[in-house]
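What follows is each chain in one-letter form.
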Amino acid sequence: MILNENLQYAVMGKFSYGWPDIQELRKLILKQCELKGEVNIGLLSNMYVLIRASLLEDYVHLLSKLQFYITHNYWSYPMRTLKWDPLFDLEEETATSIAWISFPSLPPNFFGKETIFSMAAAVGRPLQVDMATQNKTRPSCARVKVEVDLLREFPKRINIGTRRKSGEIMEK
């Protein structure tokens, strides 16, 4: 149902101090949040709008900033963005957030996107690697942006098995 209703990249915008007319707001969010794809915006409640992005890039961008300021007629309306969830309760704050995680001292042969995403999945839902990791210009550390449940317990370490020539397994 989530795919059928185009909700896979859905984000809620929370306006605690009011907002402009919804027709204006649709144009303002698209432009001022610098969204690249098609976006559908509708009212959820007196404080929330539902933003259905068509691109993963826009979804990640919306959730990566703590707050956007939507400016209209010399007034600025702060908008916090939260991940939409089918079980979301408008009376409760979400426990889902976006965070960068790092893999220091990762051998360069593990810098492929699929490999990093596989390791990052132990923490949450991987969304994108940073440019230095993608371009392999910082071989000392790989970084990935992950959607995380803040109420979940996180691993302190992720072990990957690599073999030395002698056959013993080395842990990272």
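Each value, and the rule that gives it
Residues numbered from 1 in each chain as written. Predicted model: local features only at pLDDT ≥ 70, side-chain atom pairs only at ≥ 80, totals over all residues. Heavy atoms only, no water. Helix = DSSP H or I, 4+ residues; strand = E, 2+ residues; numbered from the N terminus. Contact = heavy atoms within 4.5 Å. Salt bridge = Lys/Arg side-chain N within 4 Å of Asp/Glu carboxyl O. Buried < 20%, exposed > 50% of the residue type's maximum accessible area, 1.4 Å probe, protein only. Pairing = 2+ DSSP bridges. Axes fitted to C-alpha atoms, helices over the stretch in contact; angles between N-to-C directions.

Participant: What should I look at first to understand the environment of Leu44 in this one?
Facilitator: On the secondary structure map, Leu44 appears in the loop between strand S2 (39-43) and strand S3 (48-53). With sequence-adjacent residues up to four places away left out, Leu44 is seen in contact with Met12, Val49, Leu50 and Leu90.

Participant: I would appreciate a short explanation of the pattern of salt bridges in the present structure.
Facilitator: As a working rule, side chains carrying opposite charge can pair if their charged atoms are close by. Scanning the entire structure with this criterion turns up 6 salt bridges. The salt bridge involving Glu57 is made with Lys36; its shortest N-O contact spans 2.9 Å. Of this pair, Glu57 sits in helix H2 (residues 56-64) while Lys36 sits in the loop between helix H1 (22-32) and S2, placing them 21 residues apart in sequence. In this structure, Arg125 engages Glu147 in a salt bridge whose closest nitrogen and oxygen atoms are separated by 3.4 Å. Of the two residues, Arg125 is situated in strand S7 (residues 125-129) and Glu147 in strand S8 (residues 141-149); the sequence distance between them amounts to 22 residues. Taking relative accessible area as the criterion, Glu147 reaches 8% and is therefore assigned buried.

Participant: Teacher, can you tell me more about the sheet that holds strand S5 (residues 75-83) here?
Facilitator: Strand order in the open sheet formed by 5 strands is S2-S3-S1-S5-S4, and the pairing between neighbours is antiparallel. For this open sheet the edge positions go to S2 and strand S4 (68-72), each flanked by a neighbour on one side alone. Strand-to-strand twist across the sheet, computed as the mean angle between neighbouring axes with direction ignored, equals 30°. Strand direction decides the pairing type here: S2 and S3, joined by 5 bridges, are antiparallel. Looking across to S3, one finds that Asn40 is bridged to Arg52. The strands that H1 touches are S2, S3, S4 and S5; relative to S4, the one it contacts most, it runs at about 130°.

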